[in-house]
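Tertiary structure, described
Read off the chains here:
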Amino acid sequence: MKYPVYEHFYAFQGEGNFIGHSSYFIRFYGCPLQCPWCDSAGTWHKDWVPEYIEKYNSEELYQFTIGLKK
């Protein structure tokens, strides 16, 4: 199975129990919740539909997290 990835990046966690820890974020496209406070509206909002969304399988996603694939 391949998953639609809106974006992926390293950053520091900004909230919760792991605040300040280095983290790897993978945001998928097509969220059905459409929360009005969402800081990633590009993953679901009809006004921000990307022209193309890359799709990756679980092994490829894992490779992102361990830094082998950029």
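Just so it is clear, the structure is predicted and the values come from calculations on it, not from any experiment.

Quick look at the overall build of the protein
Helices and strands together make up the secondary structure of the protein, namely 1 helix and 3 strands. When the elements of the protein are put in sequence order from the N terminus, they spell out β-β-β-α. Relative to its full complement of 70 residues, the protein shows a buried share of 20%. Long-range contacts, defined here as pairs at least 24 residues apart, represent 43% of the contacts in the protein between residues at least 6 apart. Summing over all exposed atoms, the protein offers an accessible surface of approximately 5,600 Å²; the carbon and sulfur share of this is 56%. Mean positive and mean negative side-chain charge positions of the protein (6 and 8 charges, respectively) differ by 4 Å.

Focus on unusual backbone geometry
Non-glycine residue Q34 carries a positive phi angle of around 55°. Checked against the element boundaries, Q34 lands in the loop between β2 (22-28) and β3 (54-56).

Points about the pairing of strand β1 (residues 3-12)
With 3 bridges connecting them, β1 and β3 associate as antiparallel partners. Bridge pairing in β3 links V5 to E54.

Description of helix α1 (residues 58-65)
Of the residues making up α1, those classed as buried are L61, Q63 and F64. Viewed end-on, α1 has its buried residues packed into an arc of 155°, placing them on one side of the element. Buried residues belonging to α1 abut β1, β2 and β3. Where α1 begins, the side chain of N57 points an oxygen toward the backbone nitrogen of E59, at a separation of 3.0 Å. Looking one or two places after α1, you find G67, whose phi comes out positive at around 80°.

Some remarks on the pattern of salt bridges
Under the defined criterion, the tally for this structure stands at 4 salt bridges. A salt bridge links R27 to D39; the shortest N-O distance between them is 3.9 Å. Pair noted here: R27 is in strand β2 and D39 is in the loop between β2 and β3, with a separation of 12 residues, a long-range link. A salt bridge links D47 to K46, with the nearest nitrogen and oxygen atoms 3.5 Å apart. Among the residues examined, D47 registers a relative accessible area of 54% and is labelled exposed.

Section: the packing of aromatic side chains
As enumerated under the stated definition, the model contains 5 aromatic pairs in all. Ring plane angle 75° and centroid distance 4.4 Å describe the contact between Y10 and Y24, whose orientation is recorded as edge-to-face. Within this pair, whereas Y10 is found in strand β1, its partner Y24 is found in strand β2, the two being separated by 14 residues in sequence. Judged by centre distance (4.9 Å) and plane angle (80°), the ring pair of Y56 and F64 falls under edge-to-face.

Quick notes on the rules
Residues numbered from 1 in each chain as written. Predicted model: local features only at pLDDT ≥ 70, side-chain atom pairs only at ≥ 80, totals over all residues. Heavy atoms only, no water. Helix = DSSP H or I, 4+ residues; strand = E, 2+ residues; numbered from the N terminus. Buried < 20%, exposed > 50% of the residue type's maximum accessible area, 1.4 Å probe, protein only. Contact = heavy atoms within 4.5 Å. Areas by Shrake-Rupley, 256 points an atom, 1.4 Å probe, with all protein chains shown as cover. Lys, Arg positive; Asp, Glu negative; His and termini not counted. Charge placed at Lys NZ, Arg CZ, Asp CG, Glu CD. Pairing = 2+ DSSP bridges. Arc of directions from axis to C-beta. Polar contact = N/O pair within 3.5 Å; in protein donor to acceptor, adjacent residues only side chain to side chain. Salt bridge = Lys/Arg side-chain N within 4 Å of Asp/Glu carboxyl O. Phe/Tyr/Trp six-rings, centres within 6.5 Å; stacked < 30°, edge-to-face > 60°.

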